Amino acid sequence: MVYKTRAALVMPTPGKLEIHEVDLDAPRQGELTVRMLASGLCHSDDHIINGSVVPGTVPMCVGHEGAGEVVEVGPGTPGWEVGDRVVFGFVPACGRCRWCALGMQNLCDLGAFVVVGSRFDDETSFRMSLDGTPVSQFCGISTLSEYTTVSTASAVKVPKDLPPTSVCLLSCGVQTGWGSSVNSAEVRPGDTVIIVGLGGVGMSAVQGASFAGASHVLAVDTVEFKREQALNFGATHTFCSLDEAADFARSLTNGQGADSVVVTVGVLTAAEISGGIAAIRKAGTLVLTAAGAGNLQVELPTSDITMSQKRITGTLAGAWSPHTSIPTLLRLYTEGHLKLDEMVTTSYKLDDVNDGFRDMLAGKNIRGVVDFT
């Protein structure tokens, strides 16, 4: 069976998404076909759209933060039923490679194919096509399509009674931000934490730091609307710049600086790295969650890093497995410890997806969501 589905595609000339009707193959063994219910709009998609990250194959159907309903289960795929609700992990987890065996499923070897857009086990195999031309799937899932066929390695079951426009955020933004504070920065009670960038990832980092017991959560963004909203998500103070937040952190800590800085801006620059190192105390941690547009030339104060035992770490998917993070965060959400509904600023239809990305870049949204219902 071949499904007809409308999808948002990045064409050979980047710049904006085009909506096309594409052919979607039915699922094979170990796969599911899913009717999309909601998809969040993330800066990582925009990196593909504007060409700063080049996909392995174009056209590419983007979207990597989504929730949907299973409409067909591939043959020989036990444990799944039509009607199951799922949230996707934007990094698949095979469960067999070295990293999965070590409990680091977010670093699964299958992640090497997320920008290639093919099936994870075969770089020449695709499930979408446009007029006979293969269409690649960003992260293997392509949530900005009415229907998508995915590997079970990318799907996590969720309860059917939860709003998809909220739980879809768990796919990427929330697990990444929350985990950046809790897992990578290892925020502890009484800490002073600086969060730089207050989109969906940053606001989740604010929530994670607050939940972990930080006494001072200093939120940084140039957009006044986001700074105001951060106070509703657990920030104790807000600032326009990292330098201002760093000065305030030193005033709280007898000149030592913040225990950690978490950088969650849309596009990482050298300024956040050098400023973050300067802002942390001895043995403090700088967490780089944001991705840069290519490689950055950064001058590092190596003496300060060495002699003050400062740590710089990257983090992917919040440094935990989606098969662990999504159920954990769902429980926190249902128990009232995690705000998801409040993070959705604006909902869009698929035809208006370019408006959603423009609003994201203009700083109008905490998170924009495409609602397929």
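Residues numbered from 1 in each chain as written. Predicted model: local features only at pLDDT ≥ 70, side-chain atom pairs only at ≥ 80, totals over all residues. Heavy atoms only, no water.

K.L.:
Just to check I follow, could you spell out the overall build of the protein chain for this structure?
P.N.:
Each helix and strand in the protein chain was counted, giving 11 helices and 18 strands. A globule of 373 residues ought to have a C-alpha radius of gyration of about 21 Å, and the protein chain, at 20 Å, matches this closely. With the C-alpha coordinates aligned to their principal axes, the bounding extent of the protein chain is approximately 65 × 45 × 40 Å. Counting only residues that meet the buried cut, the protein chain has 57% of its 373 residues in that class. Accessible surface, the protein chain: about 14800 Å² in total, of which carbon and sulfur atoms supply 50%. (Helix = DSSP H or I, 4+ residues; strand = E, 2+ residues; numbered from the N terminus. Rg over C-alpha atoms; globule rule 2.2 N^0.38 Å. Buried < 20%, exposed > 50% of the residue type's maximum accessible area, 1.4 Å probe, protein only. Areas by Shrake-Rupley, 256 points an atom, 1.4 Å probe, with all protein chains shown as cover.)

K.L.:
Got a minute to help me understand a nonpolar patch on the surface in this structure?
P.N.:
There is a patch of nonpolar side chains on the surface, built from Leu102, Met104, Leu107 and Leu316 and spanning about 320 Å² of accessible area. For Met104, the location among the structural elements is in the loop between helix H2 (98-101) and strand S7 (128-130). Here Met104 falls in the partly exposed class, since its relative accessible area comes to 32%. (Patch = residues over 30% accessible without salt bridge, like charges linked within 9 Å, V, L, I, M, F, W, Y side chains within 5 Å. Salt bridge = Lys/Arg side-chain N within 4 Å of Asp/Glu carboxyl O.)

K.L.:
Just checking my understanding: could you explain the environment of Val298 for this structure?
P.N.:
Mapped onto the elements, Val298 comes out in the loop between strand S15 (280-288) and helix H9 (302-307). For Val298, a relative accessible area of 26% gives the class partly exposed. In the structure, Val298 is positioned 20 residues away from Gly318 in sequence and 24 Å away in space, judged by C-alpha atoms. For Val298, the contacting residues outside a window of four places in its chain are Ala270 and Ile273. (Contact = heavy atoms within 4.5 Å.)

K.L.:
What is the right way to read the packing of helix H7 (residues 242-252) against helix H8 (residues 270-279) from this model?
P.N.:
The relative placement of two packed helices comes down to the angle between their axes together with the axis-to-axis distance. Orientation of H7 relative to H8, taken along the N-to-C sense of each, is 5 degrees, at an axis distance of 10 Å. Between H7 and H8, the angle is such that the two are roughly parallel. On H8, the residues touching Leu242, Ala246 and Arg250 of H7 are Glu272, Gly275, Gly276, Ala278 and Ala279. Here the residues of the contact of H7 with H8 sort into 4 nonpolar, 2 polar and 2 charged. (Axes fitted to C-alpha atoms, helices over the stretch in contact; angles between N-to-C directions. Parallel < 35°, antiparallel > 145°, perpendicular 65-115°, else oblique. Nonpolar A, V, L, I, M, F, W, Y, C, P; charged D, E, K, R; others polar.)

K.L.:
How should I be thinking about the pattern of salt bridges in this particular structure?
P.N.:
Side-chain pairing between opposite charges can occur once the charged atoms of the two side chains come close. On inspection of all chains with the given rule, the structure shows 16 salt bridges. Among the charged side chains, a network of salt bridges with common partners joins Arg6, Glu146 and Asp351.

K.L.:
Where do I start with the sheet that holds strand S16 (residues 311-314) in this structure?
P.N.:
Pairing between the strands of a sheet comes from backbone hydrogen bonds, and it takes one of two forms, parallel or antiparallel. One open sheet holds the 6 strands; their spatial order is S13-S12-S11-S14-S15-S16, and the pairing between them is parallel. The two strands at the open ends of the sheet, each matched to only one other strand, are strand S13 (237-239) and S16. Each adjacent strand pair in this sheet contributes to an overall mean axis angle of 20 degrees, direction not counted. With 5 bridges connecting them, strand S11 (residues 192-196) and strand S12 (residues 216-220) associate as parallel partners. Residue pairing in the sheet places Thr192 in a bridge with His216 of S12. Strand contacts of helix H4 (residues 173-184): S11, strand S14 (258-263), S15 and S16, with the helix running at about 150 degrees to S15, the strand carrying the most contacts. Sheet contacts for H7: S11, S12, S13 and S14; angle to S11, the most-contacted strand, approximately 175 degrees. (Pairing = 2+ DSSP bridges.)

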